[in-house]
Amino acid sequence: MSMSLEQLGKLVVAGKLDRRTFMKRAAAMGAGVALSNGLLSQAALAQEPVSGGLLKLGSAGGESTNSLDPATASSSVPFINGHQWGDVLLDIADNGGIENRLAEEYGSSADAKTWTFKIRKGVEFHNGKTLTPADVLATLERHSGEDTKSGALGVMRGIETMKVDGDTVVIGLKDANADLPFLMTDYHLMIQPNGGKDDPAAGIGTGPYKMVVNEPGVRHGYEKNQNDWKSDRGFADQVEILVINDDTARVAALQSGQVHMIERVPPKIVELVKRIPNVDIKSAPGRGHYVFIMHTNTAPFDNNDLRLALKYAIDRQEMVDKILFGYGSIGNDMPVNQAYPYFSDDIEQRSYDPDKAAFHFKKSGHEGPVVLRTADGSFPGAVDASQLFQQSCAKAGITLDVKREPNDGYWSEVWNKQPFCTSYWGGRPTQDQMYSTAYLSSADWNDTRFFNDDFDKMLLTARGELDDAKRKQIYRDMGTIVHNEGGLICPMFNDWVEGVSTNVGGWAVNSNQTMMNGQALSRCWLKS
Amino acid sequence: MPYLIKLILQRLAMGAGLLLAVSALIFAGTEILPGDVAQSILGQSATPEALANLRRDLGVNEPALARYLGWLGGILTGDLGTALTNGTDIAAAIGKRLYNTLFLASVAAAVSVPLAILLGLIAVRYKNRWPDKLISSTTLTFISLPEFFIGYILIYFVAVKLGWFPSVATVYESMSFTERLSAVALPAATLTLVVLAHMMRMTRAAILNVMQSAYIETAELKGLSAFRVIFKHAFPNAIAPIVNVVMLNMAYLIVGVVVVEVIFVYPGMGQYLVDHVAKRDVPVVQACGLIFAAFFIGLNMLADIVAILSNPRIRYPR
C-alpha cells in the first residue's frame, strides 16, 4: 500500500498527477493528510540531483572497430560516446524543440537562406583551449569538405558559404531551409578544437565528461569535466559505457547490478524484465521505423497496383503486437509520425484488407510469387515479420517468397540493391530531413527509387516556407503522395525501450535518439 | 640425439610453411566476403562520396596481390600495420587482447587439465562401477550442452541469484591478480565444463588401452594397489594420446571461445576478430588468423614432440 502511495507521489512530482487527485486517493487508501504531505515532499526530494558515484551504462551497438572520430559514428556506442565528451551547436530538447548548446543564439534572414549562430563565450575544451567561432567553422568545414568521410555530409550539402563574423558563425545556403537549426543537431557535428582537423579521434570536446579509458568494443570510461560550462548535468563523478552486445548478458548485467541502465531491451522479454525487482522499463516513442521497401522503377514493383496490393496485404496491428510486443505504434506507409512537428494526423490510416489487396493484385496483372529479401540484422525480428507478412498475403491470394539473406553484408549487397527487402530507418528530426534523405529523386539513399517531380517541388517549397500552416499543408500533401504511390510499406514505428535501475534519478523521455538522446549518463544521477 | 633435433627442426619448418599457406587462405577468404570495409564502417547511412573518399584513404583500391604482399612483408619485419576501421595500431591492440585470451585459457586449462586427468584415473580405477558412470554421464551432459546455455545457466544462478561472481567479465589493466581471477571465474568455469569430457574420456580410453598389456598384469600380480598400477605403470605409457587431446583442447581454449567471450563480455581475441571480420578489416583479420594458426600449429607440434620424447619407439624410423 505504501509502495503505491509512493509511486503516486512520484507522479505528482513528475507533473503527471495533480495534487488534489493524489490527496483524494491517499485518503481512500486510509492515509492521513500529514502522511500524504510527507510522502509528497519525500518524492520531491528524490528528484533533487545527487552528486558523485560511478554511473554505468550497458550498451549494445559497439565494436572493437569503433573510433572516437564523430564523423564515422554510426552505431549506438559511438553515438553515446560523442555526447559524453562533446557538444553540438544545438540539440533536440525533450519536447522535440531546439535547445541551445554551444550556440547561444541563432537566427535567420527573412528568406531562410542566411543563418547566424552566436557562439557561447567562456567555454573551454578539455585540453584547456578556449572555444572560438573559428573552431566551429573548422568543424563544419571538416564535415562538408570535398574529401570528407563524414556521415553528416548529406546534411551539410546545402551549405554554400561559411564564415566567422565576430562572435558568430554565418552560414549561407544555396536554397532556403527553415530547418537548418535541426540539421545542426546532427550527432556527427560535435564541435572539436580546430574542427578535429589535427586529431579527429582525440575525444576532446566541451562535453560534461573527459575520456580516461578508451577500449573500443569493451568499455569507455570518463571522469567529470570540472570546467563544464553547463551546470545542470554531469552529476556522477565518473561514468562508464560497457559494450554488451548480447541481449541476455545485457539484461543479466542490469539484473545483477553491474550496470545501472541498459540500452535496447528486446521487446520480446520486456514483460520478464519488468518483473525484476529494482528495475524500471523506460520507453519513448520514437521516429524510428521498420520497413519493407520496393523499388518503384523495377518490375514488378513499377506497377502501383501491385504496390497497393502489398500495402493492403500487410497487417500492421499484428506487426506491432507480435514483433514489437506493443512497444511501438502502427505506421501508415509514410516515413513520418506524430513525433514530427508539422505532422497531420488526419490522413486516413490504411489497414489490412485482403479483398482490396486481391483486387489490386489482380488489376496489376502480375502472376506468380513476389520475392522479399530479409535478414535479422535488417531490423530486430525482421524474419518473423516477413513470415507474418507472408501469411497475411496468402489470405489475399498473393504468394510471397521470403528469401533469407545473411546479416553479414546485408547493407552492401541487399539493401538499396534488391528491389524488395526489409530495412529500418532511425528517423530524422524533421520531415524535410527524412524526405530529403530518402524520398527526393536525387537523394543518396532513395532506397525505394521514388521519382516524383511534384513531390520534389513541394519539398523545396516547404523547406523555404516560414508560414507554419502552409508548411503543414504541403507536408500533408507530400505524405499522401508517398502513402498512395510510394514504394514504402511502413507497418510500424518502434519505441526506444530501455532498462533503468530504480536507484537512478533524473530520467526523462526524449524521443530523438536512444538513451535520452545520448544524454542519459550526463543528466541522470545515482540516488545513493 | 641429432636425429631428434633434425626431427624437431623438420616439424618447425613444416609449421612455418603451413602458416604461409594459411595466410594465403585467410586472405582469399576475406577477399570473397561480400561488401567492403568502407561500406561496413559507414553503415546504412553512407553517402557515395563519403564511401569513395574513405576507400581512397584506406588504399583498398589497390590490387589484391599487392595488398597481400605488402602485408606479408610487414609481418616479416614485425609490423602488423594499423586497423583500417579506426586507425589503431594492430600489434598494440592485439597484445592486450591476446594477453586476456591467454589468461582466460590458462585459468581454464589450469583447472580442467588436472581435473580431467584425475577424473579419468578415477574412472579407470572404478571402471563400469558407479563413480565411473557418474563421471562419464555428468561430463558428457556438459559437453552435449551448447556453450551459451551453460554460460547463461551459470550467469543466472551464480551471478544473478547468488551474486558470487560478476556476470560481466570485463577485465581492466588496473585489476589485481585476484580481482582478475574473480572476473574470469564464470567464463573459465564454462570453458572447463565444455572441455572436461573430451580430455577425461581420452584419458580413460588411453589408460584402459594400456591396461590390456601383459606388464600391467605383472604389476597387478606383484600385489601393487590399483591406483599405483594405473598411475605409475599405465599412465606414463598413455601420455602421448592424452597430450594430444590436451593440446587440441588448449588450442580450442585460445581460438574457439568467441561465444563465451560474447556472453561474458570478455575482451579477448575472438570478439576482436569477429568485429573486424564484420567490418572487412582485412589486416586485422589476417593478423588474428595468423596468430590463431600459429597457436594451433605450435600446440600440435608440441604434442608431437612430447609424444616423441615420451615414447622412444617412435624416435627412430622402423
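Residues numbered from 1 in each chain as written. Chains lettered and ligands numbered in written order. Predicted model: local features only at pLDDT ≥ 70, side-chain atom pairs only at ≥ 80, totals over all residues. Heavy atoms only, no water.

- The name recorded for chain B in an unreviewed UniProt entry is Glutathione transport system permease protein GsiC, from Granulosicoccus antarcticus IMCC3135.
- Within the UniProt record for chain B, the comment given under Sequence similarities (unreviewed entry) is "Belongs to the binding-protein-dependent transport system permease family. OppBC subfamily." (UniProt positions renumbered as here; feature names shortened; annotations may be inferred.)

- Looking up chain A in an unreviewed UniProt entry gives the name Heme-binding protein A, with the organism given as Granulosicoccus antarcticus IMCC3135.
- Taken verbatim from the UniProt record of chain A, the Sequence similarities (unreviewed entry) comment is "Belongs to the bacterial solute-binding protein 5 family."

## Here's the deal with the overall build of chain B
- Each helix and strand counted, chain B has 14 helices and zero strands in total.
- With the C-alpha coordinates of chain B rotated into their principal frame, the extents come out at 85 × 60 × 35 Å.
- Intrachain contacts of chain B at a sequence separation of at least 6 include 74% that bridge at least 24 residues.
- Looking at chain B as shown, the accessible area adds up to about 15,200 Å², and 69% of this sits on carbon and sulfur atoms.
- Within chain B, one finds 23 positive and 17 negative side-chain charges whose respective centroids are separated by 17 Å. (Helix = DSSP H or I, 4+ residues; strand = E, 2+ residues; numbered from the N terminus. Contact = heavy atoms within 4.5 Å. Areas by Shrake-Rupley, 256 points an atom, 1.4 Å probe, with all protein chains shown as cover. Lys, Arg positive; Asp, Glu negative; His and termini not counted. Charge placed at Lys NZ, Arg CZ, Asp CG, Glu CD.)

## Examining helix H4 (residues 64–76) of chain B
Residue and element names in this part refer to chain B.
- Between its first and last C-alpha atoms H4 spans 19 Å; for 13 residues at 1.5 Å apiece the expected length is 18 Å, and the two agree.
- Taken together, the buried positions of H4 are Tyr68, Trp71, Leu72 and Gly74. Mapping the buried residues of H4 onto a view down its axis gives an arc of 155°, with all of them on the same face. Facing away from the buried side of H4, by more than 90 degrees, are the exposed residues Leu65 and Leu76.
- Contact partners of the buried residues in H4: helix H1 (2–31) and helix H14 (282–310).
- After H4 finishes, the residue Gly78 shows a positive phi value of roughly 80°. (Expected span 1.5 Å × (residues − 1). Buried < 20%, exposed > 50% of the residue type's maximum accessible area, 1.4 Å probe, protein only. Arc of directions from axis to C-beta.)

## Quick look at the packing of aromatic side chains
- Here the structure, examined in full by the defined rule, presents 17 aromatic pairs over all chains.
- Relative to Phe455 of chain A, the ring of Phe450 of chain A has its centre 5.3 Å away and its plane inclined at 80°; by these criteria the two rings are edge-to-face.
- On the accessibility criterion, Phe455 of chain A (0% relative accessible area) is buried.
- Arranged with centres 6.0 Å apart and planes meeting at 65°, the rings of Phe148 of chain B and Tyr152 of chain B form a pair that is edge-to-face. In this pair, Phe148 of chain B and Tyr152 of chain B both sit in helix H7 (residues 147–161), four residues apart, roughly one turn of the helix.
- Note on Tyr152 of chain B: relative accessible area 21%, which makes it partly exposed.
- Ring pairing ties together the aromatic residues Tyr290, Phe292, Phe379 and Phe389 of chain A, which thus form one cluster.
- Lying across the ring of Tyr172 of chain B, Arg219 of chain A places its NZ or CZ 3.5 Å from the centre. (Phe/Tyr/Trp six-rings, centres within 6.5 Å; stacked < 30°, edge-to-face > 60°. Lys NZ or Arg CZ within 6 Å of the ring centre and 35° of its normal.)

## What about unusual backbone geometry?
All names here are of chain A.
- Pro300 follows Ala299 through a cis peptide bond whose omega is -5°.
- Examined against the element boundaries, Pro300 turns out to sit in the loop between strand E12 (279–294) and helix H10 (304–312).
- For Met515, which is not glycine, the phi torsion reads 50° and is therefore positive.
- Residue Met515 is classed as buried on the basis of its relative accessible area, which comes to 1%.

## Considering the UniProt feature "domain: ABC transmembrane type-1" (unreviewed entry) in chain B
- The UniProt record annotates "domain: ABC transmembrane type-1" (unreviewed entry) at residues 98–303 of chain B.
- Across residues 98–303 of chain B, helical content stands at 80% and strand content at 0%; the span's end C-alpha atoms are separated by 22 Å.

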